[in-house]
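# Reading the structure
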Amino acid sequence: MAAALLASGLLALSATSSAETPNVQPGEWEYTNVTRISTGGQTMPSQRDSHRECVTQEDITNKELFSEDMGECEITDKTISRSGMRYSMRCTAEEGMHSTMDASMKFMGNRVEGTVDGKMMTPMGEMTVQTTVEGKRLGDC
């Protein structure tokens, strides 16, 4: 699931097959993710994570970003436009575990925001993961 969440962040900046370039400005970006995990009727305390990265114009318009093999995961649906994107992903592991993820992001030039909702079937039962994502451009790289 962690790999799938990382992939979701990268996908948010990819134009893939869209003719429109996402409304995301190149530069140094800071992303903050807040994740809530629930399983067996119990919710764990929220986890907050922040990181920075340099986003180039090439990253934003990269049509090949998700054309390579993603291993256990497959994008089942995606729509990307200038103002945002939505996608769904399904992952299957050898141990019989599987997960699904639905993501939605808004592109606002110097800001992005969105959600990633996932469900994972584990030997201990179903686990849900809800992540809110906020990103802001800090300046040039």
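For the structure, check the block above.
Residues numbered from 1 in each chain as written. Predicted model: local features only at pLDDT ≥ 70, side-chain atom pairs only at ≥ 80, totals over all residues. Heavy atoms only, no water.

Turning our eyes to something else, we now look at the overall build of the chain. Within the chain one finds two helices and eight strands. The order of helices and strands in the chain, counted from the N terminus, is α-β-β-β-α-β-β-β-β-β. Residues classed as buried in the chain amount to 37% of the 141 residues present. Excluding contacts between residues fewer than 6 apart, the proportion of contacts in the chain whose partners are at least 24 apart in sequence is 55%. Accessible surface, the chain as shown: approximately 8,300 Å² in total, 48% of it carbon and sulfur. (Helix = DSSP H or I, 4+ residues; strand = E, 2+ residues; numbered from the N terminus. Buried < 20%, exposed > 50% of the residue type's maximum accessible area, 1.4 Å probe, protein only. Contact = heavy atoms within 4.5 Å. Areas by Shrake-Rupley, 256 points an atom, 1.4 Å probe, with all protein chains shown as cover.)

Moving on, we get to the state of the cysteines. All told, the structure shown has two disulfides when counted by the stated rule. Here C54 pairs with C141 through a disulfide, and the sulfurs are 1.9 Å apart. Looking down the S-S bond of the C54 and C141 bridge, the torsion is 105°, so its handedness is right-handed. Linking C54 in strand β3 (residues 47-55) with C141 in the segment after β8 (125-139), this pair joins segments that are 87 residues apart in sequence. Accessibility expressed as a relative area gives 60% for C141, which makes it exposed. (Disulfide = S-S within 2.5 Å.)

This next bit is on the pairing of strand β7 (residues 111-122). Across the two faces of β7 the burial differs, with V112, G114, V116, G118, M120 and T122 buried and R111, E113, T115, D117, K119 and M121 not buried at all. Where strand β6 (residues 98-107) and β7 come together, ten bridges link them in antiparallel fashion. If you follow D102 over to β7, its bridge partner there is D117. Connecting β6 to the antiparallel partner β7 that follows it, the hairpin turn spans three residues, and G109 within it adopts a positive phi of roughly 75°. As paired elements, β7 and β8 share twelve bridges and run antiparallel to each other. Looking at β8, one finds that E113 is bridged to E134. (Pairing = 2+ DSSP bridges.)

This part covers the environment of Q130. Considering the arrangement of structural elements, one finds Q130 in strand β8. The class for Q130 is partly exposed, based on a relative accessible area of 39%. Along the sequence, Q130 and R36 sit 94 residues apart, while their C-alpha atoms lie 5.2 Å from each other. Beyond its immediate stretch of four places on either side in the chain, Q130 contacts V34, T35, R36, V116 and D117.

Moving on: the pattern of salt bridges. Taken as a whole and assessed by the stated rule, the structure comprises five salt bridges. Close ionic contact of E28 with R52 constitutes a salt bridge, the shortest N to O distance being 3.6 Å. Of the two residues, E28 sits in strand β1 (residues 27-39) while R52 sits in strand β3, which places them 24 residues apart along the sequence. The partner of R111 in a salt bridge is E113, and the shortest N-O contact between them spans 3.5 Å. A relative accessible area of 43% means that R111 is categorised as partly exposed. When its relative accessible area of 27% is taken as the criterion, E113 is described as partly exposed. (Salt bridge = Lys/Arg side-chain N within 4 Å of Asp/Glu carboxyl O.)

Note that all results are geometric; they support no functional claim without further evidence.
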